Amino acid sequence: AVRPTASRAGGAIQTADGVAIRLSAIMNDPRDLEAIDPASFAGIGLMRTEFLVTSPADAFDEEKHYDIYRHALDWAGESPAIVRMLDLGGDKTLPGLGARRSESFMGLRGIRLLLARPELARAQARALLRAAVHGNLGVLLPMVTVPGELDAMRAIFEEESTALGKRGLQTRMPEIGMMVEVPAAALMLDRFSRSDFFSFGTNDLAQYLAAAARDDQSVAALYDAATPAVYRVIAQGVALAEAMNKPIGICGEMASDPRHIPALIAAGLRQFSVAPNRVADIGSTIGGMCSDGGPRRR
Ligand code: PEP
Ligand code: MG
């Protein structure tokens, strides 16, 4: 694997008025890592794991999960690698896992499906607990709606950690955070004190705020028109997270689009996970603006 050097900038950049911003990478497929220079990023801000699952058997293949998480941690070096647990259902379906109804955006997807099929969550949790020994691992939970879901997943990690320990295997409890993509959670972040960190998933947050499906072209204009509502929810969420002293960032596609960057920075966001091929563009956008969202002043 490519090893970052100690001197790398590591995705740490500044606005024109000197406010520090961190840019980390979004990873959809571990094979992409070979082509991406870790020196340009503050680690991995979102590693989707759905690619791991081309069949139900893969979803339960703990060793396959483990090898890929180790590889991601090696790539990230000292920086964090944040791996998201399986977000199946919605736009990412898998025949053979979950009921037909689970394919709805409003149904059994993300952590709902993981808790309904805990053997799925347990296999992934074991791989994450073992991999966490080897780097700076964070775990993101998709589609969290109420604090009880977070507690239930934490209990799974605790139990699996104990069981692995009894088998003589080394484990470490990773930081466990949540996606902020369901409005009922986004507005109530102060209730999620057991989340170690937060990350806005604006692809879903926008579709739920607008009641306009993200994959339905016939309502795409309404989806886009919800943008001011998304900004307002983000600003409120950032304030709640700061009051709790918890890190908060964004990993939705908005963060990879220069048109949204001024409003997102003005809303208080300082950590952005971006598509790797967008990092230069986003970096120069940030360098040319002030932290209030206005242009560089001479
Ligand atoms: C999001 O919802 O913004 C997100 C980052 O996750 P996904 O697109 O995988 O649902
Ligand atoms: Mg999402």
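Since we're looking at a predicted model, the values are computed, not measured.

Engineer: Let's hear about the packing of helix H2 (residues 62-76) against helix H4 (residues 118-131): which residues, and what values?
Structural biologist: At a minimum axis separation of 8 Å, H2 and H4 run at an interaxial angle of 35°. Seen along the crossing, H2 lies across H4 with a hand that is right-handed. Where H2 approaches H4, its residues Glu62, His65, Tyr66, Tyr69, Arg70 and Leu73 are matched on the opposing element by Ala123, Gln124, Arg126, Ala127, Leu128, Arg130 and Ala131. A per-class count over the contact of H2 with H4 returns 7 nonpolar, 2 polar and 4 charged.

Engineer: Explain unusual backbone geometry residue by residue, including any values.
Structural biologist: The backbone of Ala211 sits at a positive phi, close to 50°, despite the residue not being glycine. Within the secondary structure, Ala211 is located in the loop between helix H7 (202-210) and helix H8 (220-225). By the C-beta count within 10 Å, which is 11 here, Ala211 ends up exposed. Located in the positive-phi region is Asn245, a residue other than glycine, with phi close to 60°.

Engineer: How would you sum up the pairing of strand S6 (residues 175-180)? Please name residues and give values.
Structural biologist: Along S6, 5 of the 6 residues are buried, which leaves the element largely enclosed by surrounding structure. Note that strand S5 (residues 136-141) and S6 share 4 bridges and pair parallel. The residue of S6 that forms the bridge with Leu140 is Gly177. The handedness of the S5 to S6 crossover, carried by helix H5 (residues 147-166), is right-handed. Judged from the 3 bridges that link them, S6 and strand S7 (residues 198-200) form a sheet pairing that is parallel. Note that in S7 the partner of Val180 across the bridge is Phe200.

Engineer: If you had to explain the nonpolar core to someone new, which residues and values would you point to?
Structural biologist: Among soluble globular proteins, nonpolar side chains are generally buried collectively. The biggest cluster of nonpolar side chains holds 83 residues, and the ones touching the most others in it are Ala72, Val83, Leu128 and Leu141. Considering every element that reaches this core, the biggest residue donor is H4, with 8 residues. With residues up to four places along the chain from it excluded, the contact list for Leu141 reads Met85, Ile111, Leu150, Met153, Ile176, Met178 and Met179.

About the cut-offs
Residues numbered from 1 in each chain as written. Chains lettered and ligands numbered in written order. Predicted model: local features only at pLDDT ≥ 70, side-chain atom pairs only at ≥ 80, totals over all residues. Axes fitted to C-alpha atoms, helices over the stretch in contact; angles between N-to-C directions. Helix = DSSP H or I, 4+ residues; strand = E, 2+ residues; numbered from the N terminus. Left-handed = near helix turned anticlockwise from the far one by under 90°. Contact = placed C-beta atoms within 7 Å. Nonpolar A, V, L, I, M, F, W, Y, C, P; charged D, E, K, R; others polar. Buried ≥ 20, exposed ≤ 12 C-beta atoms within 10 Å, placed from the backbone. Pairing = 2+ DSSP bridges. Right-handed = clockwise from strand over helix to strand, strands pointing away. Core = buried A, V, L, I, M, F, W, Y, C linked by C-beta atoms within 7 Å.

All we've got here are geometric facts, nothing functional implied.
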